[in-house]
Amino acid sequence: RSLGTLGYTRQPGQTQLEFATAAGGALADIPQLQAVAGVPRRIVNAFYQVRFGRQTLAAAELSAVESSLRDLETAIAQSKTSGSSLGDDPPQSDV
């Protein structure tokens, strides 16, 4: 949802990992969001570990994912309120 506020949405047929990779690349191109560009992939990796690996996240892993998500949300909010340009084109996947 946080990425949706920037106009980035997962396209039909696009996997979570494809979307996270594209979104992370787009975030890396925005100076104010470069520090959180790896967050989408971190979240998807944790999701895949639970969903497809049938593993439970350890408390420390869960806390790290939640913290990363908060960092992403904060960075997006700060970028939006600073009036900086976030780009007009949402990330697209070539896959």
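It should be emphasised that the depicted structure is a prediction, and the values quoted were computed from it without experimental measurement.

Draft legend 1. Up close: helix H3 (residues 59–81). For H3, built from 23 residues, the straight-helix expectation of 33 Å at 1.5 Å per residue is met to within 8% by its first-to-last C-alpha distance of 33 Å. For H3, the set of buried residues is Ser68, Leu72, Ala75, Ile76 and Ser79. Lining the buried residues of H3 we find helix H1 (16–28) and helix H2 (39–51).

Draft legend 2. Molecular detail of the layout of surface pockets. Volume-wise, the largest pocket comes out at about 470 Å³. Lining the largest pocket are 18 residues, with Arg1, Leu3, Phe19, Ile43 and Leu69 positioned closest to its centre. Those elements that place two or more of their residues in the lining of the largest pocket are H1, H2 and H3. Here the lining of the largest pocket is composed, by residue class, of 11 nonpolar, four polar and three charged.

Scoring rules and cut-offs
- Residues numbered from 1 in each chain as written.
- Predicted model: local features only at pLDDT ≥ 70, side-chain atom pairs only at ≥ 80, totals over all residues.
- Heavy atoms only, no water.
- Helix = DSSP H or I, 4+ residues; strand = E, 2+ residues; numbered from the N terminus.
- Expected span 1.5 Å × (residues − 1).
- Buried < 20%, exposed > 50% of the residue type's maximum accessible area, 1.4 Å probe, protein only.
- Contact = heavy atoms within 4.5 Å.
- 1 Å grid on protein atoms, 1.4 Å probe; cavity = no way out; pocket = protein on both sides within 12 Å on 5 of 7 lines; lining within 4 Å.
- Points joined across faces, edges and corners; volume = space filled by probe spheres on them.
- Nonpolar A, V, L, I, M, F, W, Y, C, P; charged D, E, K, R; others polar.

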